[in-house]
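Read off the chains here:
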Amino acid sequence: MAGHQPYEYVRRELVEPEWRRFPGWAAVTEAQWRDAQWQRVNCVKNERQLRKVVGDLLDESFYAELAADQRDLATMSMLLPPQMLNTMAPTASAAEFTDAFFADPVRRYMLPVRSDRDPEWPSHPHSARDSLHEAEMWVVEGLTHRYPTKVLAELLSTCPQYCGHCTRMDLVGNSTPQVDKHKLVLKPVDRQDQMIDYLSRTPGVRDVVVSGGDVANVPWKQLENFLMRLLDIETVRDIRLATKALAGLPQHWLQPSVVEGLERVARTAARRGVNLAIHTHVNHAQSVTPLVAEAARTALEVGVRDVRNQGVLMRGVNATPEALLDLCFALQGEANILPYYFYMCDMIPNAEHWRVAVWEAQELQHAIMGYLPGYATPRIICDVPYVGKRWVHQVTEYDRELGVSYWTKNYRAGTERDEASDAAAILSRRYPYYDPISTLPASGQQRWRDEPDYEG
């Protein structure tokens, strides 16, 4: 019709789906649901536990697909908090539940099944377990010095939930039949001591992302102690806590002991002029519920400066303008969470069905402009191996037929500072990134069939 916009904004108030619709949770009280320990104890870790919760709502066809994927393709073991499972197929009737569950966007990345995967190219020929080469940039165990002024501190290798597309699938979670996970060797206290020592000796680092795994799995006293030690380093000016649990297990961040501890850290940060933020990971509007909003508001109320979202762009989940904008409005308008980044899904094994091409990401960036406030319009990012985060329009050269884009960087990684390698060569090098082969024209797909080791 005349004047019709490509996207029409309609305010949607947040809703906590009714968990009692699942036979296994029919008697669960609201007090139990809000209890972090109940959520952790009742996580779904295998097919048997899923059956116990879902009962006969799911057909046997789903369980067969799930078992095949877990056996042959999954890079992450199953770990679903009730909060996360409850956002899947939230309004489906019993009669339509199986179809709705198969099609559900949250299910697609939290509980992948065999038929989700790309049948010809489940993995790109250049996929890698540590696709961003973070471990190569460790200056001590778990501390990645990839950028001149920023580091990533991986305190542990577990999360309250495991996402199928996890970029750290080589380290995080339990081993699967396909992936024998690497292990952190040092005791947590020794790892943290080494991190603090390095940061104390490296005044050029001002920004620390505290991650894992997920900081929600670090015992609070241990996490608070580490954060207070970071705050004692005068050159550290930004601290970001990375936790998907704000969305996957908001009950954790609402526990009185955690809220009180977070306030102590936030007030100390404010006194010392340090910016303390929480970065969470939400990929679909269904996951933004009143409990998630309550957890975000509580963090802000006790003095955390910002709560920001770093989602991952995934086909079948959020790779349309409508899905992205719905999510951003739910985050920004209803939950006080700033839409910050959407990363293109990294080139890990068996992830091709999720990934989008660079040109598709560029089109999505264009499509979402003009609807959100400028400060709340997320940037779509390509995290290029050996380079770092780049806006998708910063590509230097792009071969659309073969799906190879080339990127450059303007700095040396922290681990490259002392290398004898020529700085000019590092800064002039072109670094390749590869589109999913299924997105290429027929001629490009055939080239990859003929030469799967092609590097560009």
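### Here we look at the packing of helix α9 (residues 220–231) against helix α12 (residues 256–271)
Next, step 1: Where α9 meets α12, the closest approach of the two axes is 10 Å, and the angle between their N-to-C directions is 0°. Relative to α12, the element α9 lies roughly parallel. Residues W220, E224, L227, M228 and L231 of α9 lie in contact with α12, whose contacting residues are S257, V258, G261, L262, R264, V265, T268 and A269.
Next, step 2: Split into classes, the residues belonging to the contact of α9 with α12 amount to eight nonpolar, three polar and two charged.

### Some remarks on the pattern of salt bridges
Next, step 1: This structure, assessed with the given rule, holds 28 salt bridges.
Next, step 2: Residue E60 pairs with R51 through a salt bridge whose shortest N-O separation is 2.8 Å.
Next, step 3: For R51, a relative accessible area of 30% gives the class partly exposed.
Next, step 4: R305 is the partner of D306 in a salt bridge, and the nearest nitrogen-oxygen pair spans 3.4 Å.

### Considering the sheet that holds strand β8 (residues 338–344)
Next, step 1: Pairing in this open sheet of ten strands is mixed, and the strands run β1-β2-β3-β4-β5-β6-β7-β8-β9-β10 from one edge to the other. With partners counted over all chains shown, the strands left at the sheet margins are β1 (138–140) and β10 (388–391), one partner each.
Next, step 2: Where strand β2 (residues 143–144) lies against strand β3 (residues 150–154), two bridges are found, and the strand directions are antiparallel. In the strand pairing of β3, T144 is matched with L152.
Next, step 3: Each of β7 (306–313), β8 and β9 (379–384) is contacted by helix α14 (residues 321–334), which is oriented at about 145° to β8, the strand it contacts most.

### Points about the packing of helix α3 (residues 47–54) against helix α4 (residues 60–72)
Next, step 1: The contact between α3 and α4 brings their axes to 11 Å, and the two run at 155°. It follows that α3 is roughly antiparallel to α4 by the angle criterion. When you trace α3 past α4, the crossing you get is right-handed. Seen from α3, the contacting residues are E47, L50, R51 and V54; seen from α4, they are E60, F62, Y63, L66 and A67.
Next, step 2: The residue makeup of the contact of α3 with α4, split by class, is six nonpolar, no polar and three charged.

### Looking at the sheet that holds strand β12 (residues 404–407)
Next, step 1: If you trace the three strands from one edge of the open sheet to the other, you get β11-β12-β13, paired in antiparallel fashion. The open sheet has two free edges, formed respectively by β11 (397–399) and β13 (431–434), since each of these has just one partner strand. Adjacent strand axes in the sheet meet at a mean angle of 20° when their direction is disregarded.
Next, step 2: Here β11 runs beside β12; their pairing, made up of three bridges, is antiparallel. Paired with Y398 across the strands is S405, a residue of β12.

### Focus on unusual backbone geometry
Next, step 1: A cis amide bond, omega 25°, links G212 with the succeeding residue G213.
Next, step 2: As for its placement among the helices and strands, G213 is situated in the loop between β4 (207–211) and α9.
Next, step 3: One non-glycine residue, H133, lies in the positive phi region at around 60°.
Next, step 4: Within the secondary structure, H133 is located in the loop between α7 (105–110) and β1.
Next, step 5: Taking relative accessible area as the criterion, H133 reaches 16% and is therefore assigned buried.
Next, step 6: One non-glycine residue with positive phi stands out, namely Y386, at about 70°.
Next, step 7: Topologically, Y386 is positioned in the loop between β9 and β10.

### So, the side chain of E360
Next, step 1: Tracing the backbone shows E360 in helix α15 (residues 358–368).
Next, step 2: In this structure E360 comes out as buried when scored by relative accessible area, which is 16%.
Next, step 3: Within the structure, E360 has its side chain in polar contact with the backbone nitrogen of A357 (distance 2.8 Å).
Next, step 4: Apart from residues no more than four positions distant in its own chain, E360 is found in contact with R315 and T439.

What counts and what doesn't
- Residues numbered from 1 in each chain as written.
- Predicted model: local features only at pLDDT ≥ 70, side-chain atom pairs only at ≥ 80, totals over all residues.
- Heavy atoms only, no water.
- Axes fitted to C-alpha atoms, helices over the stretch in contact; angles between N-to-C directions.
- Helix = DSSP H or I, 4+ residues; strand = E, 2+ residues; numbered from the N terminus.
- Parallel < 35°, antiparallel > 145°, perpendicular 65-115°, else oblique.
- Contact = heavy atoms within 4.5 Å.
- Nonpolar A, V, L, I, M, F, W, Y, C, P; charged D, E, K, R; others polar.
- Salt bridge = Lys/Arg side-chain N within 4 Å of Asp/Glu carboxyl O.
- Buried < 20%, exposed > 50% of the residue type's maximum accessible area, 1.4 Å probe, protein only.
- Pairing = 2+ DSSP bridges.
- Left-handed = near helix turned anticlockwise from the far one by under 90°.
- Polar contact = N/O pair within 3.5 Å; in protein donor to acceptor, adjacent residues only side chain to side chain.

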